[in-house]
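Report on the structure
Given next are the chains, with one letter for each unit.
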Amino acid sequence: MGQSIRVPFRPAEAWVSALGRGGVETLLLDLAQPASSEVLIDGMATGDLDHAGVAGASQKLIEYATGRRWWEAVRLLQASVRPDVLGRTVLAGMDPWLLTPGQWCAGVYTIFTDGLDKDGLFKFDAMLGDPPEGVDEDDWADEDFDAMVAAARAMPGQR
C-alpha cells in the first residue's frame, strides 16, 4: 500500500499565509499534514517527484478548495492582504480564520465587483481569468493531483 498525501481542513488565513511564504509552488508542502510533507520532500530529494509535479498538484489543490481556476484563486487570495481590501473584509464581517478558501475568494471577489456596471464587471472578470504567462488554460493541468499521489505511492520504501 502506498503513502497517502493528506491535506486537512485549513481556514482561508492558512492559505493566504502559505501563498505569502512560498507561492503556489510550495502550497501543498505548507498545507499538507507533516507526514505527507515529509513524503513529498523525500520524493523530491530522491528524484521520484519533481518540483513541477508538486507545483501542479498545488494548483489542483487550489482549484479543488476554491472552485476556481488556480490563478484566479491565487489572485483573489493574494489581493486580500492589500490594506484597502483587508479593511473592506473586516467591515463586511469576513473572518479568514472561520471561512474556507473558497468562501474567502467569493467574498473578496464581491468586494472587487460590488457596484461595477456590466462593462466594469466584464473587464474585471477578463483580468482575473487571464492565465499567467506560460499557462495554456486548456491543458495546464496535464500533471494532475492524482498522478502526483500515484507517484508518491510508488516511491521505493512506501507501503
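A quick note: this is a predicted structure, and the numbers were derived from the prediction, not measured.

Description of the overall build of the protein chain
A count of helices and strands for the protein chain gives nine helices and zero strands. Scanning the protein chain from its N terminus toward the C terminus, one meets helices and strands in the order α-α-α-α-α-α-α-α-α. Considering only residue pairs separated by 6 or more positions, the protein chain has 73% of its internal contacts joining residues 24 or more positions apart. Looking at the protein chain as shown, the accessible area adds up to about 8,800 Å², and 53% of this sits on carbon and sulfur atoms.

Examining helix 8 (residues 118-129)
In this model helix 8 runs 16 Å from its N-terminal to its C-terminal C-alpha over twelve residues, within 8% of the 16 Å that 1.5 Å per residue would give. Taken as a whole, helix 8 has its buried residues at Gly-120, Phe-124, Leu-128 and Gly-129. Angularly, the buried residues of helix 8 cover 155° about the axis, an arc narrow enough to put them on a single face. Turned more than 90 degrees off the buried face of helix 8, the exposed positions are Lys-118, Asp-119, Phe-122 and Lys-123. Check the buried side of helix 8 and you find it contacts helix 5 (70-79) and helix 7 (101-113). For helix 8, the N-terminal capping position is held by Asp-117, with its side-chain oxygen 3.2 Å away from the main-chain nitrogen of Asp-119.

Some points on the pattern of salt bridges
Under the counting rule described, the total for this entry stands at four salt bridges. The closest approach of N and O atoms between Glu-72 and Arg-69, which form a salt bridge, is 2.5 Å. You can call Glu-72 buried: its relative accessible area is 10%. Through salt bridges with shared partners, one network takes in Arg-68, Arg-69 and Glu-72.

Let's talk about the side chain of Ser-36
With respect to the helices and strands, the residue Ser-36 is situated in helix 3 (residues 34-46). Judged by its relative accessible area of 2%, Ser-36 falls in the buried class. Among residues more than four places away in sequence, those in contact with Ser-36 are Ser-4, Ile-5 and Arg-6.

Quick look at the packing of helix 4 (residues 51-66) against helix 5
Two quantities define a packed helix pair, namely the angle between the helix axes and the distance between the axes. Two elements in contact, helix 4 and helix 5, have axes separated by 8 Å at closest approach and are oriented at 75°. Comparing the axis directions of helix 4 and helix 5 gives the class roughly perpendicular. Residue-level inspection shows Gln-59, Ile-62, Glu-63 and Thr-66 of helix 4 in contact with helix 5, the latter providing Trp-70, Ala-73 and Val-74. Of the residues assigned to the contact of helix 4 with helix 5, the class counts are four nonpolar, two polar and one charged.

As for the environment of Leu-31
As for its placement among the helices and strands, Leu-31 is situated in helix 2 (residues 27-31). In this view, Leu-31 contacts Val-7, Pro-8, Arg-10, Ala-14, Trp-15, Ala-18 and Leu-61; residues no more than four positions away in its chain are not counted.

Here we look at helix 7
Taking 1.5 Å of rise per residue, the 13 residues of helix 7 would be expected to cover 18 Å, and the 18 Å separating its terminal C-alpha atoms lies within 8% of that figure. Within helix 7 the residues assigned to the buried category are Pro-101, Gly-102, Trp-104, Cys-105, Gly-107, Val-108, Tyr-109, Ile-111 and Thr-113. If you follow the buried residues of helix 7, they end up packed against helix 1 (12-22), helix 4, helix 5, helix 6 (83-91) and helix 8. A positive backbone phi angle near 85° is found at Gly-115, which sits one or two residues after helix 7.

Cut-offs and rules
Residues numbered from 1 in each chain as written. Predicted model: local features only at pLDDT ≥ 70, side-chain atom pairs only at ≥ 80, totals over all residues. Heavy atoms only, no water. Helix = DSSP H or I, 4+ residues; strand = E, 2+ residues; numbered from the N terminus. Contact = heavy atoms within 4.5 Å. Areas by Shrake-Rupley, 256 points an atom, 1.4 Å probe, with all protein chains shown as cover. Expected span 1.5 Å × (residues − 1). Buried < 20%, exposed > 50% of the residue type's maximum accessible area, 1.4 Å probe, protein only. Arc of directions from axis to C-beta. Polar contact = N/O pair within 3.5 Å; in protein donor to acceptor, adjacent residues only side chain to side chain. Salt bridge = Lys/Arg side-chain N within 4 Å of Asp/Glu carboxyl O. Axes fitted to C-alpha atoms, helices over the stretch in contact; angles between N-to-C directions. Parallel < 35°, antiparallel > 145°, perpendicular 65-115°, else oblique. Nonpolar A, V, L, I, M, F, W, Y, C, P; charged D, E, K, R; others polar.

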